[in-house]
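Given next are the chains, with one letter for each unit.
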Amino acid sequence: MIKDLSVGKPGQVLWRFTIPMFISVVFQQFYNIADSVIAGKFAGEDALASVGASYPITMIFMAIAVGCNVGCCVVISQLFGAKELEKMKTAIYTTLISSAAVSVICTVSGLLLTTSLMKMIRTPENIFADGSLYLKIYIAGFIFLFLYNICTGIFQSLGDSKTPLYFLIGSSLGNIALDLLFVAGFGWGVAGVAWATFIAQGAACVLSFVSLTSRIRSLKTAYKPDRFSWSMLLKVGRYAVPSILQQSFVSVGNIFVQGIINNFGSSVIAGYSAAIKLNTFTITSVATFSNGLSSFTAQNIGAGKTERVREGYKAGMIMVLCVVVPFILIYFFFGDVMMKLFMDNESRLALDTGLKFLKIVSPFYIAVTFKIMADGVLRGAGAMSSFMIATFTDLLLRVVLSFILSDYFGVTGVWMSWPIGWVISMCLSLGFYFRGNWAGKLTVCDNE
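Residues numbered from 1 in each chain as written. Predicted model: local features only at pLDDT ≥ 70, side-chain atom pairs only at ≥ 80, totals over all residues. Heavy atoms only, no water.

Examining the side chain of threonine 163
Thinking step 1. Its location among the elements puts threonine 163 in helix H7 (residues 163–185).
Thinking step 2. Taking relative accessible area as the criterion, threonine 163 reaches 10% and is therefore assigned buried.
Thinking step 3. Within polar-contact distance, the side chain of threonine 163 engages the side chain of arginine 215 at 3.2 Å. (Helix = DSSP H or I, 4+ residues; strand = E, 2+ residues; numbered from the N terminus. Buried < 20%, exposed > 50% of the residue type's maximum accessible area, 1.4 Å probe, protein only. Polar contact = N/O pair within 3.5 Å; in protein donor to acceptor, adjacent residues only side chain to side chain.)

Structure, rendered in structure tokens:
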């Protein structure tokens, strides 16, 4: 159901819009965690480490998908808010076509570079083969992941956060069932985890695409929109390219961090792999509320209702803090219980590694929450330079401090770099938000 986010009480509108998105993330992260749990429990510590070792590389590909998602969301949301339906349809068709082309290029490049990338991060020999196999299967299915994320972003731009939820629930449950069948049943190990994700994402992608195109065709317009427009591609690129660069640089930074961690052996890698999945659950949850706030911001700016954005930010902060505080309490006080979901007591070094990571970073989830929600407004308003400055500061500090502090404190020094980066970048993001320059940004409609 398409919904105009520029009418109604901002708090209530945002609640109804973002809650289905949050439930979607819960299911998505649930099956991501299930991948690691099933790999660790049924295929062993090395299998868990193999999946974890390739994680920062897979996130590069995810970064490109997310960046394109952001670009199309801003443009489509603003056009929808301004009721420019013909141009909105052109933006959607242009995004789908260009995204398909980009995903093919990324897939071919990724398959050719898999071995080199795994060597670059100094993957230990005992997990190299399985890690490379997992990465190749993941990259082969990248087109499904890419287009599914684009379709989800377009649905959300149109105020529909429920349809992607239904597809994701089915995909998540299917992924877990296939994990158990391939890994626990057939004994396929790491390959089973990868193929389960490949099939589940493929099904979700096809269903989302068919549903979206049907929905778009049902929107009546005065004249037939263009199926592809170079000028519209440039408008989408104006927002997408900075976001792709931002997301990609973050992922490249994570590769450098992973390279440091890999020097400490497969047990430490396994512990980090489990803990980072839990950490990602929290950060992705916050990012989901931020994405909802971006769509809300873009639609309201497109409709010329900038004053509603500040009300939306306040309501969004209340929502996300209700989610983040329980994460902090669970990870800090019951981190050992969470880690044991992934591995047995025999993996003592891995357990201790993951537990220490959670205890160091989890209290600072409050800081990253304020940062990411402010970024949601900046991104939705098209203030991409401010958004990128704050994010790159976090990245650069985290990478540089990881190298420096690991020399003095071992792998614990790497964990210590995260809170420092979060706190400083939070100050920048909040400064840009409260300065209010984003409110005067031109919309894509103004530039026609």
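Observations regarding the packing of aromatic side chains
Given two aromatic rings, their pairing is described by the distance between the two centres and the angle made by the two planes.
Thinking step 1. Under the definition given, this model contains 21 aromatic pairs.
Thinking step 2. Where tyrosine 365 meets tryptophan 422, the ring centres are 5.9 Å apart and the plane angle is 45 degrees; that geometry is what we call tilted. Of the two residues, tyrosine 365 sits in helix H13 (residues 365–380) while tryptophan 422 sits in helix H15 (residues 411–435), which places them 57 residues apart along the sequence.
Thinking step 3. Residue class for tyrosine 365 comes out buried when judged on its relative accessible area of 0%.
Thinking step 4. Of the residues examined, tryptophan 422 reaches a relative accessible area of 4% and is grouped as buried.
Thinking step 5. By the ring-pair criterion, three or more aromatic residues cluster together here, those being Tyr272, Phe281, Phe327, Tyr331, Phe357, Tyr365, Trp415, Trp418 and Trp422.
Thinking step 6. The lysine or arginine in question, lysine 83, covers the ring of phenylalanine 80, its NZ or CZ lying 5.9 Å from the ring centre.
Thinking step 7. Seen from the ring of tyrosine 433, arginine 310 lies directly overhead, with NZ or CZ sitting 6.0 Å from the centre. (Phe/Tyr/Trp six-rings, centres within 6.5 Å; stacked < 30°, edge-to-face > 60°. Lys NZ or Arg CZ within 6 Å of the ring centre and 35° of its normal.)

As for the environment of tryptophan 230
Thinking step 1. By the secondary structure assignment, tryptophan 230 is in helix H9 (residues 230–262).
Thinking step 2. A residue is classified by how much of its surface remains accessible, and tryptophan 230, at 64% relative accessible area, is exposed.
Thinking step 3. Once the C-alpha coordinates of tryptophan 230 and alanine 91 are considered, the two residues, 139 residues apart in sequence, prove to be 10.0 Å apart.

Looking at the nonpolar core
Thinking step 1. Counting 118 residues, the largest nonpolar core has Ile154, Ile261, Tyr313 and Phe357 as its most contacted members.
Thinking step 2. At 15 residues, helix H3 (residues 55–81) tops the list of elements feeding residues into this core.
Thinking step 3. In terms of nonpolar packing, the next biggest core, distinct from the first, is built from eleven residues, Ala47, Val51, Tyr134 and Ile137 among them. (Core = buried A, V, L, I, M, F, W, Y, C linked by side-chain atoms within 4.5 Å.)

Brief notes about the state of the cysteines
Thinking step 1. Per the counting criterion, the structure on display carries zero disulfides.
Thinking step 2. Cysteine 151 takes part in no disulfide bond, and the closest cysteine sulfur, belonging to cysteine 205, lies 6.1 Å away.
Thinking step 3. According to the relative accessible area criterion, cysteine 205 is buried, its value standing at 5%. (Disulfide = S-S within 2.5 Å.)

Regarding the side chain of glutamine 258
Thinking step 1. Tracing the backbone shows glutamine 258 in helix H9.
Thinking step 2. With relative accessibility at 1%, the residue glutamine 258 sits in the buried group.
Thinking step 3. Apart from the residues lying within four places of it in its own chain, the contact partners of glutamine 258 are Gly52, Ala53, Pro56, Ile121, Ile269 and Tyr272. (Contact = heavy atoms within 4.5 Å.)

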